[in-house]
Amino acid sequence: MSARLLVCALRDPTSVEGLDAAQWNSLIAAARGERLIGTLAVRMADRALPDAVQPIVTDALDEAAREAKQALWEADRARAALKDLDVPVVLLKGTAYAAADLRAGQGRFIGDLDILVPRESLDAVEAALFAAGWEWVKPDPYDDAYYRQWMHELPPMIHKTRDRMIDVHHTILPLTARQTPDAAALITDAVPLPDGLLILSPEHMVCHAAAHMLADGDLAGGLRNLWDIHSLCCEFGAAQEDFYISLFEEAAYHGLLVPVWRALRLAYHLYGTPVKAYSSPITVDYRLKQCDRLFIVRLLARDGWGRETHKLLRFAFFVRSHWLRMPPAMLARHLFTKWRKGHRPA
Amino acid sequence: MTHSLTLNIGPATFRIGSAWSQPIAQLARLYAAYPDASGRVADFTVRLEPAAFLRRWVRSSIFITGDHGLADAAPMSLAHGLLAAEMGMNLQMALGWRRHLLLHASSVEKDGRVLVMTGESGSGKSTLAAMLGERGWRLMGDEFALLDMETGQIFPFPRLVSLKNSAIAVMEAEVDAPRMGPMMQGTAKGDIRHLVPRADAVARMGEGGAPALLLFPRFGHDRAVRPVGQGEAFMRLTQASTNYVALGERGFDALTRFVGDVPARAIDFPCGEAAIALVEQLWEELA
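Residues numbered from 1 in each chain as written. Chains lettered and ligands numbered in written order. Predicted model: local features only at pLDDT ≥ 70, side-chain atom pairs only at ≥ 80, totals over all residues. Heavy atoms only, no water.

**With respect to the packing of aromatic side chains**
Two numbers describe a pair of aromatic rings. These are the distance of the centres and the angle of the planes.
Residues and elements named next belong to chain B.
Link 1 in the chain: Following the criterion strictly, the structure yields 17 aromatic pairs over all chains and no others.
Link 2 in the chain: Measuring from centroid to centroid gives 4.8 Å for W137 and W283, while their planes differ by 70 degrees, and the two rings are edge-to-face. Of this pair, W137 sits in the loop between α3 (125-134) and β8 (138-141) while W283 sits in helix α8 (residues 272-286), placing them 146 residues apart in sequence. Accessibility classification places W137 together with W283 in one group, the buried group.
Link 3 in the chain: Seen in terms of ring centroids, F219 and F269 are 6.2 Å apart; in terms of plane orientation they differ by 55 degrees. Their pairing is tilted. (Phe/Tyr/Trp six-rings, centres within 6.5 Å; stacked < 30°, edge-to-face > 60°. Helix = DSSP H or I, 4+ residues; strand = E, 2+ residues; numbered from the N terminus. Buried < 20%, exposed > 50% of the residue type's maximum accessible area, 1.4 Å probe, protein only.)

**Points about the interface of chain B and chain A**
Link 1 in the chain: In this complex, chain B contributes 21 residues to the contact, which on the side of chain A involves 18 residues.
Link 2 in the chain: For the chain B and chain A pair, buried surface summed over both sides reaches about 1700 Å², with 50% attributable to carbon and sulfur atoms.
Link 3 in the chain: Interface area lost by chain B to chain A is led by M1(B), R15(B) and V41(B), which between them contribute 36%.
Link 4 in the chain: Summed over the shared surface of chain B and chain A, the number is four salt bridges.
Link 5 in the chain: A salt bridge links R32(A) to D67(B), with the nearest nitrogen and oxygen atoms 2.6 Å apart.
Link 6 in the chain: Remark: the boundary between chain B and chain A carries eight residue pairs in polar contact (both at pLDDT 80 or more).
Link 7 in the chain: Looking at which element gives the most residues to the side of chain B that touches chain A, the answer is strand β3 (residues 44-50) of chain B, with five residues.
Link 8 in the chain: Grouping the constituent residues of the side of chain B that touches chain A by class yields seven nonpolar, five polar and nine charged. (Contact = heavy atoms within 4.5 Å. Buried area = accessible area lost by both parts, 1.4 Å probe. Salt bridge = Lys/Arg side-chain N within 4 Å of Asp/Glu carboxyl O. Polar contact = N/O pair within 3.5 Å; in protein donor to acceptor, adjacent residues only side chain to side chain. Nonpolar A, V, L, I, M, F, W, Y, C, P; charged D, E, K, R; others polar.)

**Let's talk about the sheet that holds β3(B)**
All names here are of chain B.
Link 1 in the chain: Spatially, the five strands line up as an open sheet ordered β1-β2-β3-β4-β5, and their pairing is mixed. Strand pairing shows two members of the sheet lacking a second neighbour, β1 (3-9) and β5 (76-77), which therefore form its edges.
Link 2 in the chain: With five bridges joining them, β3 and strand β4 (residues 61-66) adopt antiparallel strand pairing. Pairing of P50 across the sheet is with I62, part of β4.
Link 3 in the chain: In the packing of helix α2 (residues 81-96) onto the sheet, contacts are made with β1, β2 (12-18), β3, β4 and β5, and the angle to β3 comes to roughly 140 degrees. (Pairing = 2+ DSSP bridges. Axes fitted to C-alpha atoms, helices over the stretch in contact; angles between N-to-C directions.)

**Some remarks on helix α7 (residues 244-261) of chain B**
Given 3.6 residues to a turn, an α-helix orients residues that are three or four positions apart in the same direction.
Residues and elements named next belong to chain B.
Link 1 in the chain: The terminal C-alpha atoms of α7, which comprises 18 residues, lie only 18 Å apart, well short of the 26 Å expected from a rise of 1.5 Å per residue.
Link 2 in the chain: Its axis deflected by about 80 degrees at R250, α7 carries its strongest bend there.
Link 3 in the chain: By the burial criterion, the buried members of α7 are Y244, A246, L247, G251, A254, L255, F258 and V259. (Expected span 1.5 Å × (residues − 1). Bend = angle between axes of the 7 residues up to and from the residue.)

**Digging into the sheet that holds strand β7 (residues 198-199) of chain A**
Link 1 in the chain: Strands sit in the order β3-β4-β5-β2-β1-β7-β6 (chain A) across an open sheet of seven strands; the sheet is mixed. The open sheet has two free edges, formed respectively by β3 (134-136) and β6 (191-192) of chain A, since each of these has just one partner strand.

**Looking at the layout of surface pockets**
All names here are of chain B.
Link 1 in the chain: What the second largest pocket holds in volume is close to 1100 Å³.
Link 2 in the chain: Forming the boundary of the second largest pocket are 45 residues, of which S121, S162, K164, K189 and I192 lie nearest the centre.
Link 3 in the chain: Mapped by element, the contributors of at least two residues to the lining of the second largest pocket are α2, α3, β11 (161-164), α4 (166-172), β12 (184-187) and β13 (190-195).
Link 4 in the chain: Per-element accounting of the lining of the second largest pocket gives the leading share, seven residues, to α2. (1 Å grid on protein atoms, 1.4 Å probe; cavity = no way out; pocket = protein on both sides within 12 Å on 5 of 7 lines; lining within 4 Å. Points joined across faces, edges and corners; volume = space filled by probe spheres on them.)

**Remarks on the side chain of D216(A)**
Residues and elements named next belong to chain A.
Link 1 in the chain: Residue position: D216 is located in helix α9 (residues 202-216).
Link 2 in the chain: Its relative accessible area of 8% is what places D216 among the buried residues.
Link 3 in the chain: A distance of 2.9 Å separates the side chain of D216 from the side chain of R325, its partner in a polar contact.
Link 4 in the chain: Setting aside its immediate chain neighbours within four residues, D216 contacts H152, L173, P174, A211, S321 and R325.

**Thoughts on the packing of helix α1 (residues 21-30) of chain B against α2(B)**
Residue and element names in this part refer to chain B.
Link 1 in the chain: Relative to each other, α1 and α2 sit at 75 degrees, their axes nearing to 8 Å. Regarding the angle of α1 to α2, the classification is roughly perpendicular. Two secondary-structure elements touch here, α1 through P23, Q26, L27 and L30 and α2 through G81, L82, A85, E86 and M89.
Link 2 in the chain: A class-by-class count of the residues in the contact of α1 with α2 yields six nonpolar, two polar and one charged. (Parallel < 35°, antiparallel > 145°, perpendicular 65-115°, else oblique.)

**Quick word on the pattern of salt bridges**
Link 1 in the chain: As enumerated under the stated definition, the model contains 37 salt bridges over all chains in all.
Link 2 in the chain: In this structure, R148(A) and E126(A) form a salt bridge, with 2.9 Å as the shortest nitrogen-oxygen distance. Residue R148(A) is located in helix α7 (residues 141-150), and its partner E126(A) is located in helix α6 (residues 122-131); the two are separated by 22 residues in the primary sequence.
Link 3 in the chain: Residue class for R148(A) comes out partly exposed when judged on its relative accessible area of 34%.
Link 4 in the chain: Here E207(B) and R204(B) are joined by a salt bridge, their closest N and O atoms 2.9 Å apart.
Link 5 in the chain: For R204(B), a relative accessible area of 28% puts it in the partly exposed group.
Link 6 in the chain: By sharing partners, the salt bridges in this structure join E34(A), R302(A), E308(A) and R314(A) into a single network.

**Overview of the nonpolar core**
A general feature of soluble globular proteins is that nonpolar side chains tend to end up buried together.
Link 1 in the chain: Core analysis: the biggest nonpolar cluster contains 102 residues, and W24(A), V168(A) and L223(A) have the highest contact counts within it.
Link 2 in the chain: Broken down by element, this core gets its largest block of residues, nine residues, from α9(A).
Link 3 in the chain: Beyond its immediate chain neighbours, meaning those up to four positions away, W24(A) contacts V16(A), L19(A), M44(A), L49(A), P50(A), V53(A) and V41(B).
Link 4 in the chain: If you look at the next biggest cluster of nonpolar residues, it comprises 39 residues, including Y31(B), Y34(B), M93(B) and L160(B). (Core = buried A, V, L, I, M, F, W, Y, C linked by side-chain atoms within 4.5 Å.)

**Concerning the confidence of the model for chain B**
Residue and element names in this part refer to chain B.
Link 1 in the chain: The predicted model of chain B has a mean per-residue pLDDT of 94, with 100% of residues at 70 or higher.
Link 2 in the chain: Of all the helices and strands in chain B, α4 carries the lowest mean pLDDT, 92, while strand β10 (residues 154-155) carries the highest, 98.
Link 3 in the chain: For this predicted complex, the interface confidence score (ipTM) comes to 0.91, while the overall pTM stands at 0.92. (pLDDT = per-residue confidence, 0-100.)

**Notes on unusual backbone geometry**
Residue and element names in this part refer to chain A.
Link 1 in the chain: Within the chain, K93 stands out as a residue other than glycine whose phi angle is a positive 50 degrees.
Link 2 in the chain: Tracing the sequence through the fold places K93 in helix α5 (residues 93-99).
Link 3 in the chain: K93 sits in the buried class, given a relative accessible area of 18%.
Link 4 in the chain: With a phi angle near 55 degrees, D101 is a residue other than glycine that sits in the positive phi range.
Link 5 in the chain: For D101, the location among the structural elements is in the loop between α5 and β2 (113-116).

Structure (structure tokens):
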């Protein structure tokens, strides 16, 4: 199982010593498949590596540096487009990590630009982005209406000339999910960057990463999301004593205790995150629960050719992600509409 | 994967996996003279997978993917498996290679100096390179010319030459049958048949040369030669490069230097023999 090799290499870069060519091939294919090649490259950057591996690592470092630069430029363009609105704009996920120079951003693949704005400003934000050259990606009226009525974000937009996507969030979980995080509080507690954009507070950043990975998604890209959580916790935990207590406080307030706790259990077991156990004021331990093992199998479902394995389990997690997002009757209606339109899960 | 092969072409090593034996067997035959790369760490993984579960057996259909994939790539039939493998390698280079500026161009070398030819598909650049490669030039490649960003040299990427439609008969007349791959009819680009480069092209595939002439050939027109200014050459080469944007300033500097140093001409020609005469003449005058 090559995803296991990847986890070992990320957790302890000395573990790559003595890998043979076949194992290196597996490791690299899995890292590319999980979009963790840049992160892996950063972890191995100052090690002596086999001659054939060194250029692959150098390329991955270059590519990651370019991606970070491009992502920050895109954030700056969004800042410029929205600057007259006087609306707080919070960067989320990869772009936020890069903008704040967090360890979670080092080598990280950054795809779309994700921002969070107050829900009442959505119309103005949408109009301003439109005026600045962004346009809709999804022409389908059902999708559009669905996003607007039920999702935590506007339908994705893409910039006409730069070809980069932006996701405009107004909260961090779909409105149909059972948990309802307090989006206004996320924005109130957000931390300003020098250029006027904001990032989430440390606790909220981890809450969002856990919600995104475990309360919303189907765990595609889960190893990368979990590495984010690991890196954030390492950095914030070292900087602030009892970071975990305040993290659990915030998680409880936003109804995200279950995903946050699970994320920490998984991160601790796979990546060795230095979590802290408590027995007071709340009891938190990090022993794996029975069903955590399914999550681990799902997270490690990639083979030495970079292919996804455990098709049935993946499908089960796909169904779970929809189950978490919607009440049953609505889910049935949604799936029926999608099925009629010929949609297939990836 | 069930069937696999590791190939070393120019500076890049590919690990190719396939659900079927046929494409791998064909690759093994046609790349037999290339250096043995088994047991090496590959730069890229290429996978030829069934497009759907049953499509491994029933009306077999190949989905080309790997480290870098295109989600909307159209599946191909197993009869075109060799082409799928070649396209898979090109795809990995186009999307993932960062060690050179990649020019979508053919190139040939003489006396350490390199002729680079670029143009749209069907312009005749592949055929011209293949013909020159049989007539006193060293074939460096028909798909990508690799521009070294530090030295300004062009390096070879001599994979199989992909001959299309009327070019097939032209080359069949020039080379022995064992150097030709299977005839593949009805591909997206019509008929395709691959040609194994000559032994010197393979033996010297690590050896670069200084670019001396840039041509923009166009097949099927009356003979004509037009000088191409540096600005136009620069713009056309940015469009012919798959990684120009990704390389940022390094790519810009390398390409600026290239168009500053290398004379460029657009040439039209009605047939292969006329093209070769024209190329040799321009080479004498300019290179």
